[in-house]
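Here is how the chains run, residue by residue.
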Amino acid sequence: MTKAGTFPLRLAAPPPGWEREVEVVVIGSGVAGLMVALTAATVGRVLIVTKAKLDAGSTSWAQGGIAAAIDRADDPEQHLDDTLVAGAGLCSERAVRILVEEGPHQLARLISFGALLDTDAAGNLALTREGGHGRARIVHAADATGAEVQRSLQAAVAANDRIEVMEHAFALDLVRSAPVNGTRHVVGVRVVSQDDQASGSSGIVRARTVVLASGGLGQLYASTTNPPVATGDGMAMALRAGASVADVEFVQFHPTVMWNGPGAEGQQLLVSEAVRGEGAVLLDAEGKRVMQGRHPLGDLAPRDVVAKCMSILMAEQGVDHLFLDARGLGEEKLMRHFPNIVAGCRRLGIDPVHQVVPVAPGEHFACGGVWTDRNGHTSVPGLFAVGEVACTGVHGANRLASNSLLEGLVYGQRVGAQLVLGLPAVMSPDANDEQVPALVVPGHHRVILAAEMSRHVAVRREAEGLDEVTALIADTPLHPGEGSFSPTDWEATNVHVLAGALVSAARLREESRGGHWRSDFPDTSPRWKVRIVTHLNHEGSLVHEERGLEETP
Ligand code: SIN
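Quick caveat: nothing in here was measured; it's all calculated off a predicted structure. (Residues numbered from 1 in each chain as written. Predicted model: local features only at pLDDT ≥ 70, side-chain atom pairs only at ≥ 80, totals over all residues. Heavy atoms only, no water.)

Q: Is there a simple way to think about the overall build of the protein in this case?
A: When helices and strands are tallied, the protein shows 13 helices and 24 strands. A compact globule built from 553 residues would reach a C-alpha radius of gyration of about 24 Å, and the protein, at 22 Å, matches this within 12%. Taking the principal axes of its C-alpha atoms as reference, the protein extends roughly 65 × 55 × 45 Å. Taking the intrachain contacts of the protein between residues at least 6 apart in sequence as the baseline, contacts between residues at least 24 apart amount to 74%. Carbon together with sulfur atoms contributes 51% to the accessible area of the protein, which is approximately 19900 Å² in total. Of the charged side chains in the protein, 47 are positive and 65 negative; the average position of the first set lies 3 Å away from that of the second. (Helix = DSSP H or I, 4+ residues; strand = E, 2+ residues; numbered from the N terminus. Rg over C-alpha atoms; globule rule 2.2 N^0.38 Å. Contact = heavy atoms within 4.5 Å. Areas by Shrake-Rupley, 256 points an atom, 1.4 Å probe, with all protein chains shown as cover. Lys, Arg positive; Asp, Glu negative; His and termini not counted. Charge placed at Lys NZ, Arg CZ, Asp CG, Glu CD.)

In structure tokens form, the structure reads like this:
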């Protein structure tokens, strides 16, 4: 098995020129981070550090909705069952139970912050269906639910004078204390502000607790539904600080990402699963139904199942895309439920009212992330993680549709509540950390790596391709920055280490399960009903361990 080599333990950056102190730093500003800040604001100064504008993350792009068992005929137990089935035997049932049982309360809290969600003729929250759900249980705001969640939580944050926001600030590395009884604590974060006034100014925010809420890693791949900011920075930073990540090999590929030609790169248009929930179907070029007879839920089978069926068919037919036929919904319904998707398709030259939409699976969601317990504690004291950046085990090997905004609401509140219950004592940074060699990967390597990730580590994987990507990672040059530093290099370095962790865990897991399909190990194996947990050792090498599904750091 090829080895991925060693990775930087500190990012090369300008020396810090300022320092400030708060009680809590939240890195990231989507649903999870905003919920943490709103819940924890009573403990003192809470600073949200975010890489671009407050609303630039994945939350704003979430189309589908929020799954919650609120219908009279529904109950959390059914939601739990659907989540466990989608998770392909790798969920933490305890974490899922928290999600489904606390979900309706946190949905009510979101509405109390002012979120406007669609209602039916009787004034009740309207519910739709998505893949893997046995019944309609998705609340939504047309096809822009995430944008409404973001808007309402941002308004609540703006009205709270204990919460401060630092936009256009790149969080580079976590700052740690000297060892206390052999353990180092996170005591702050090193930040480079990119805003106009303080362009490139680097400093340290000291804090009693740092919460990672920085979202996913879609930009590890050439094409993704994630926005450009999703470069896995939080997971990479956590690895460099000695924290463990888990389940990173499980990446969800959404079946219906609009196919925009073979060379399409970066963020692509998602065509929500809710379109299939309302009756659209997948077709091949000859008009044959793709999912008929392949799964009891047909077009609404869990995403991993649909993406895999599509990939097999595409390989058999020698094509690079299939089609989504939403014409049967009619113009009125399409425009009422999916105005943004229709507008997006039309901008790209396809009118879903009259034409089938070319689609192919595209990277959508990281099911794994920084390993946490059910209150967001990571394996490093002083560091929490929540939302897509985290892994509580709630998604297992494949996330159930519309459980991610829900996760941000439920687990964001839980992390905030932990902080209200008590913060660690103030501790000083370890000056010796400045001696750790600081390195970066040249920015242009990110594009090269993303192309190889899409080729060999996407829906279908096998040893040979995984080894090719590993060799590419091992051969990537590292350099000390040499006086000029750019976010492109920092992002490339984050992508580099995360790809290393993902590919090596995918190589290790010799089975197929959920979002991890090894064509050389096509069966699901009881041997692998474990979580692969990964950390960087003191030399910067990746170390994997196998842990039980209900184990926590
Ligand atoms: C979708 O609208 O299909 C995506 C929703 C989700 O990722 O849960």
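Q: Help me out: how do you make sense of the pattern of salt bridges in this one?
A: For side chains bearing opposite charge, pairing can occur when the charged atoms are close. Following the criterion strictly, the structure yields 42 salt bridges and no others. Close ionic contact of Asp-233 with Lys-51 constitutes a salt bridge, the shortest N to O distance being 2.7 Å. One end of the pair, Asp-233, is in helix H5 (residues 233-240); the other, Lys-51, is in the loop between strand S3 (46-49) and strand S4 (66-67), and 182 residues separate them in sequence. Judged by relative accessible area, which is 10%, Asp-233 ranks as buried. For Glu-551, the salt bridge is made with Arg-547, and the minimal N-O distance between the two is 2.8 Å. Through salt bridges with shared partners, one network takes in Lys-51, Asp-233, Arg-446 and Glu-491. (Salt bridge = Lys/Arg side-chain N within 4 Å of Asp/Glu carboxyl O. Buried < 20%, exposed > 50% of the residue type's maximum accessible area, 1.4 Å probe, protein only.)

Q: I keep staring at the environment of Val-271 and nothing clicks. Help me out?
A: Among the secondary structure elements, Val-271 is positioned in the loop between strand S14 (266-267) and helix H6 (273-277). For the pair Val-271 and Gly-30, spaced 241 residues apart in sequence, the C-alpha separation works out to 21 Å. Those residues within four positions of Val-271 in sequence are excluded, and the remaining contacts are Gln-63, His-254, Thr-256, Met-258, Leu-324, Ile-341, Cys-345 and Val-357.

Q: Explanation requested: the site of the ligand in the structure shown.
A: The local shell around the ligand consists of Gln-63, Gly-64, Glu-130, His-254, Leu-270, Ser-272, Glu-273, Arg-303, His-364, Arg-399, Ala-401 and Ser-402. Between the ligand and Glu-273, the relevant distance is 2.6 Å, taken from an oxygen atom to a main-chain nitrogen or oxygen of the residue. One of the side-chain N or O atoms of Arg-399 is found 2.7 Å from an oxygen atom in the ligand. Relative to its unbound accessible surface of 260 Å², the ligand loses 95% to contact with the protein. Taken together, the residues of the shell around the ligand break down into two nonpolar, six polar and four charged. (Near = heavy atom within 4 Å. Polar contact = N/O pair within 3.5 Å; in protein donor to acceptor, adjacent residues only side chain to side chain. Nonpolar A, V, L, I, M, F, W, Y, C, P; charged D, E, K, R; others polar.)

Q: Looking at this model, I keep getting lost on the sheet that holds strand S24 (residues 542-547). Mind explaining?
A: Sheet strands line up and pair through hydrogen bonds in the backbone, either parallel or antiparallel. Judged by pairing direction, the sheet is mixed, and its five strands sit side by side in the order S20-S18-S12-S23-S24 without closing on themselves. Edge positions in the sheet fall to strand S20 (390-391) and S24, since each has one partner strand and no second. Pairing geometry for strand S18 (residues 369-371) and S20, over two bridges, is parallel. Of the residues in S20, the one forming a bridge with Trp-371 is Cys-391. In the packing of helix H13 (residues 487-508) onto the sheet, contacts are made with strand S23 (531-536) and S24, and the angle to S24 comes to roughly 45°. (Pairing = 2+ DSSP bridges. Axes fitted to C-alpha atoms, helices over the stretch in contact; angles between N-to-C directions.)

Q: Can you walk me through the packing of helix H12 (residues 463-474) against H13 in this structure?
A: A pair of packed helices is captured by two measures, namely the crossing angle of their axes and the spacing between those axes. In contact at an axis separation of 10 Å, H12 and H13 are set at 150° when each is read in the N-to-C sense. Comparing the axis directions of H12 and H13 gives the class roughly antiparallel. Crossing of H12 against H13: the hand is left-handed. Of the residues in H13, those in contact with Ala-463, Leu-466, Asp-467, Val-469, Thr-470 and Ile-473 of H12 are His-496, Ala-499, Gly-500, Val-503, Ala-506 and Arg-507. Of the residues assigned to the contact of H12 with H13, the class counts are seven nonpolar, three polar and two charged. (Parallel < 35°, antiparallel > 145°, perpendicular 65-115°, else oblique. Left-handed = near helix turned anticlockwise from the far one by under 90°.)

Q: It is not clear to me how the sheet that holds strand S2 (residues 24-27) should be interpreted in this structure. Could you clarify?
A: The five strands are arranged S6-S3-S2-S10-S19 in an open sheet whose pairing can be described as parallel. The open sheet has two edge strands, strand S6 (163-166) and strand S19 (383-385), and neither has a second partner. Here the average twist between neighbouring strands, direction ignored, is 20°. Note that S2 and strand S10 (residues 209-212) share four bridges and pair parallel. When the bridges of S10 are listed, Val-26 appears paired with Val-211. On the sheet, helix H10 (residues 404-421) packs against S2, S10 and S19 and is oriented at approximately 160° with respect to S19.

Q: Just to check I follow, could you spell out the packing of aromatic side chains for this structure?
A: What characterises a pair of aromatic rings is the spacing of the ring centres plus the angle enclosed by the ring planes. Going through the model one piece at a time under the given rule, you end up with two aromatic pairs. Measuring from ring centre to ring centre gives 5.2 Å for Phe-170 and Trp-490, while their planes differ by 55°; the resulting arrangement is tilted. In this pair, Phe-170 sits in strand S7 (residues 169-176) while Trp-490 sits in helix H13, placing the two residues 320 residues apart along the sequence. With a relative accessible area of 2%, Trp-490 lands in the buried category. Centre to centre, the rings of Tyr-221 and Phe-253 are 5.3 Å apart; their planes meet at 90°, and the pair counts as edge-to-face. (Phe/Tyr/Trp six-rings, centres within 6.5 Å; stacked < 30°, edge-to-face > 60°.)

Q: How should unusual backbone geometry be read in this particular structure?
A: Among all residues except glycine, the phi angle is most often negative; among peptide bonds, the trans geometry is most common. One non-glycine residue, Ala-88, lies in positive phi territory at about 55°. Here Ala-88 lies in the loop between helix H2 (76-86) and helix H3 (93-112). Here Ala-88 falls in the partly exposed class, since its relative accessible area comes to 22%. A positive phi angle, close to 50°, is found at Asn-181, a residue other than glycine. With respect to the helices and strands, Asn-181 occurs in the loop between S7 and strand S8 (186-193). Residue classification places Asn-181 among the exposed positions, given a relative accessible area of 81%.

Q: Even after reading the chapter, I still don't get the packing of helix H8 (residues 330-337) against helix H9 (residues 339-347), so can you show me in this structure?
A: Two elements in contact, H8 and H9, have axes separated by 5 Å at closest approach and are oriented at 105°. Between H8 and H9, the angle falls in the class roughly perpendicular. Together, Glu-331, Leu-334, Met-335, Arg-336 and His-337 of H8 and Pro-339, Val-342 and Arg-346 of H9 make up the contact between the two elements. Its residues assigned to classes, the contact of H8 with H9 shows four nonpolar, one polar and three charged.

Q: Even after reading the chapter, I still don't get the pairing of strand S16 (residues 322-325), so can you show me in this structure?
A: A regular strand carries its side chains on alternate faces of the sheet. The side-chain alternation of S16 yields two buried faces, one formed by Leu-322 and Leu-324 and the other by Phe-323 and Asp-325. Here three bridges tie strand S15 (residues 281-283) to S16, and the two strands are oriented antiparallel to one another. Paired with Val-281 across the strands is Asp-325, a residue of S16. Strand direction decides the pairing type here: S16 and strand S17 (residues 357-366), joined by three bridges, are antiparallel. By the bridge assignment, Leu-324 is partnered in S17 with Val-357.

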